[in-house]
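For reference, the chains in residue letters:
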Amino acid sequence: MSDAINTRHNARMARKKAVIDANIARATVERGLLLVLTGNGKGKSSSAFGMVARALGHGMKVGVAQFIKSRTDTGEEAFFRRQPGVEWHVLGDGFTWDTQDRERDIATARRGWQVAERMLADPSIDLVVLDELTYLLTYGYLDQDAVLDAIAARPPMQHVVVTGRGAAPELVELADTVSEITDVKHAYRAGIKAQKGVDL
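Given the structure is predicted, the values throughout are model-derived calculations rather than measurements.

Asks: With reference to specific residues and values, describe the overall build of the protein.
Replies: Helix and strand counts for the protein stand at 8 helices and 6 strands. Scanning the protein from its N terminus toward the C terminus, one meets helices and strands in the order α-β-α-β-α-β-α-α-β-α-α-β-α-β. On the principal axes, the C-alpha backbone points of the protein span a range of 70 × 45 × 35 Å. Counting all 200 residues of the protein, 38% fall into the buried class. Partitioning the intrachain contacts of the protein with sequence separation of at least 6 by distance along the chain shows that 76% fall at a separation of at least 24. Total accessible area on the protein is roughly 11900 Å²; 54% of this is exposed by carbon and sulfur atoms. Considering the protein, the positive charge centre built from 26 side chains and the negative charge centre built from 26 side chains are found 9 Å apart.

Here it is, written out as structure tokens:
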């Protein structure tokens, strides 16, 4: 590599570092965050559970509320349920095409929301994951305003992660960080079934 290329690279990286360092210095607020992981791609819940691992690594207490899903044989549950500092709840009866009973789905959602609401009011829980909550709002199973009010009224340092497709605009507006996971390609469409350690 020539000296000229190295010199240009060093100058460019020095300018970039100055901008990044200035941005980091300006970020002085510390408070609980609301993160929304949405979109049609795979990895929303997986990302949330990565944050669970990160929080536990810092000695934080975590609460997980899994809506819609009814499986209790997933790798993440098997692992995290054994960890001290984790409160884990599987609160669903299965996907709507499995239950085929809207009234039952609504009743299940409301029972599950009581668990989530309790965790959102508990200042000893540092991170709350509301897995697949977006569907309960989209389908009208829960009152959206009441849910958003409970999230907004949580303890000041509590972080919340909401996952699921089709996040409502009001939820996106309330959030501090929103990531949309894009569906580019999925093994399922090639006839490959869900794999342990990857999908469940």
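Asks: Help me get a handle on the side chain of Ser45, residues and values and all.
Replies: Among the secondary structure elements, Ser45 is positioned in helix α2 (residues 44–57). You can call Ser45 buried: its relative accessible area is 12%. Discounting residues that sit within four places of it in the chain, Ser45 has contacts with Lys69, Asp131, Glu132 and Thr163.

Asks: Summarise the pattern of salt bridges; cite the residues concerned and give the values.
Replies: One pass over the full model with this rule turns up 5 salt bridges. A salt bridge links Asp176 to Arg31; the nearest nitrogen and oxygen atoms lie 2.6 Å apart. With a gap of 145 residues between them, Asp176 in the loop between α8 (169–174) and β6 (177–180) and Arg31 in the loop between α1 (3–26) and β1 (34–38) connect regions that are remote in the sequence. The class for Arg31 is partly exposed, based on a relative accessible area of 42%. A salt bridge links Glu77 to Arg81, with the nearest nitrogen and oxygen atoms 2.6 Å apart. Classification of Glu77 by relative accessible area gives buried; the value is 4%. Accessibility expressed as a relative area gives 45% for Arg81, which makes it partly exposed.

Asks: Give me the lowdown on the layout of surface pockets, citing residues and values where you can.
Replies: Of the pockets and cavities examined, the second largest pocket occupies roughly 190 Å³. Surrounding the second largest pocket, Leu33, Leu35, Met51, Arg54, Ala55, His58, Met60, Leu127, His159 and Val161 form its lining. Listing elements by their share of the lining of the second largest pocket, those giving two or more residues are α2 and β5 (159–163). Element by element, the count of residues in the lining of the second largest pocket is highest for α2, at 3 residues.

Asks: Any chance you could break down a positive patch on the surface for me, citing the residues and the numbers?
Replies: Together, Arg8, Arg12, Arg15 and Lys16 make up a region of like positive charge exposed at the surface. Of note, Lys16 is situated in helix α1.

Asks: Account for the nonpolar core, naming residues and giving values.
Replies: Ranked by internal contacts, the top residues of the largest apolar core, which has 31 residues, are Phe67, Trp113, Leu130, Leu133, Leu136 and Val162. Elements with a minimum of two residues in this core: β1, α5 (102–120), β4 (127–131), α6 (133–138), α7 (144–152) and β5. Counting residues per element, this core draws most heavily on α5, at 7 residues. In contact with Leu130, not counting residues within four places along its chain, are Ala65, Phe67, Trp113, Ala116, Leu120, Ile151, Val160, Val161, Val162 and Thr163. Counting residues in each nonpolar core, the second largest holds 16 residues, with Phe80, Val86, Val129 and Val161 among its members.

Definitions and limits used
- Residues numbered from 1 in each chain as written.
- Predicted model: local features only at pLDDT ≥ 70, side-chain atom pairs only at ≥ 80, totals over all residues.
- Heavy atoms only, no water.
- Helix = DSSP H or I, 4+ residues; strand = E, 2+ residues; numbered from the N terminus.
- Buried < 20%, exposed > 50% of the residue type's maximum accessible area, 1.4 Å probe, protein only.
- Contact = heavy atoms within 4.5 Å.
- Areas by Shrake-Rupley, 256 points an atom, 1.4 Å probe, with all protein chains shown as cover.
- Lys, Arg positive; Asp, Glu negative; His and termini not counted.
- Charge placed at Lys NZ, Arg CZ, Asp CG, Glu CD.
- Salt bridge = Lys/Arg side-chain N within 4 Å of Asp/Glu carboxyl O.
- 1 Å grid on protein atoms, 1.4 Å probe; cavity = no way out; pocket = protein on both sides within 12 Å on 5 of 7 lines; lining within 4 Å.
- Points joined across faces, edges and corners; volume = space filled by probe spheres on them.
- Patch = residues over 30% accessible without salt bridge, like charges linked within 9 Å, V, L, I, M, F, W, Y side chains within 5 Å.
- Core = buried A, V, L, I, M, F, W, Y, C linked by side-chain atoms within 4.5 Å.

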